[in-house]
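Remarks on the overall topology
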Amino acid sequence: MRLVTHVADGIERPGALVPDGDGERLLDLAPVLGARVTVTDVLADPALTARVRDAVGRAAADPAALHALPPADDARLAPPVRPGKILCLGYNYRGHVPDGQDPTTDDPEFPDVFVKTPNTLSGPHDVITVPPVADDVDYEGEIAVVIGRRAHRVGVEDAMDHVAGYALFDDVSDRSWQRRSSQWTMGKCLDGFGQLGPAVVTADEVADFHDLTVEVVRDGVVTVSQSTSTMVFRLPFLVHYLSQVMTLEPGDVISTGTPQKLPEALAAHRPLGHGDAVTIRVAGLGALTTRFAGPETSEAATSAGPTTSTEGAPA
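What counts, and where the lines are drawn
- Residues numbered from 1 in each chain as written.
- Predicted model: local features only at pLDDT ≥ 70, side-chain atom pairs only at ≥ 80, totals over all residues.
- Heavy atoms only, no water.
- Helix = DSSP H or I, 4+ residues; strand = E, 2+ residues; numbered from the N terminus.
- Buried < 20%, exposed > 50% of the residue type's maximum accessible area, 1.4 Å probe, protein only.
- Disulfide = S-S within 2.5 Å.
- Pairing = 2+ DSSP bridges.
- Axes fitted to C-alpha atoms, helices over the stretch in contact; angles between N-to-C directions.

Some points on unusual backbone geometry
In this structure, the amide linkage connecting Gly 197 to the following residue, Pro 198, adopts the cis form with an omega of -10°. Of note, Pro 198 is situated in strand E13 (residues 194–202). The phi torsion at Arg 153 lies on the positive side, around 55°, for a residue other than glycine. Note that Arg 153 resides in the loop between strand E10 (141–147) and strand E11 (163–170). Using a relative accessible area of 57% as the deciding quantity, one classes Arg 153 as exposed.

This is the structure:
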């Protein structure tokens, strides 16, 4: 299933996307589940999940009922879940290393974990505001893992039982602020700099998480393309590892890191600014487009040409 949170009359409501030919229709789940039920509730409760599956199946099997639903493209979407924790991975794809390091070096011993704070969360239709202090804004296309069942010190062999589904995530970062400290917090936690969506695709829809290709497109050009098979730390281990220190709750998000940009994109690095957009796409999970508004790129920065890439910064 593809679960979303849509906005109707200013209120966030749970929904599901129902296939309709080459497109999708939006099934409002509030009449089925009640207005106060959230997508996180559905992911955490097998009984609610079963009710949603039944409602989606009935809508898909009845052409008249299906075509009475509004097109999904007409809906305004909020973040599909509102996580209590957004945990992110740095340098989790082979070939993506800190500036100056050999990309063929040995794998790190432990995952590089950092946190994005709740103020960063934005939805698939939100425009990201670039504040005046941010002068080196960059994108990071990632797959976010959504927890559906409480995970406290779980073993690797049981870890996937706690994964409810997957969404796309843009770990928007300002490299200049990120370089100011070893903890990266100020460069990672600007308002709205964590776009999540468009839907949570339930785990049963993805046959093998480690057989997906993450792509990012900017200005019509593919700038990132790498398989999840090249992750340094695989998903079951990540859930296990994180749960040893903190309890993962339903709705929490683990963003699994960005691949390195392709060489041509690295050479042509240009900070994001007003009017820019990037699209993350993963077959089976959909596409997420991040649009930016705010200060125009300064004349000095524009005339200086491409800057040195900082894509070695964390995923």
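From this point, the discussion proceeds with the structure in view.
Re the state of the cysteines
Taken as a whole, this structure holds zero disulfides when the rule is applied. Cys 88 takes part in no disulfide bond, and the closest cysteine sulfur to it belongs to Cys 189, at a distance of 8.3 Å. Judged by relative accessible area, Cys 88 falls into the buried class, the value being 0%. Given a relative accessible area of 13%, Cys 189 falls into the buried group.

Some points on the sheet that holds strand E14 (residues 213–218)
What holds strands together in a sheet is hydrogen bonding between their backbones, with the strands either parallel or antiparallel. If you walk across this open sheet you meet the five strands as E8-E18-E17-E14-E15, and the pairing is mixed. The two strands at the open ends of the sheet, each matched to only one other strand, are strand E8 (127–129) and strand E15 (221–227). In this sheet, neighbouring strand axes are inclined to one another by 20° on average, regardless of whether the strands run parallel or antiparallel. Examined bridge by bridge, E14 and E15 share six bridges and lie antiparallel to one another. In the sheet register, Glu 215 faces E15, and the bridge partner there is Ser 225.

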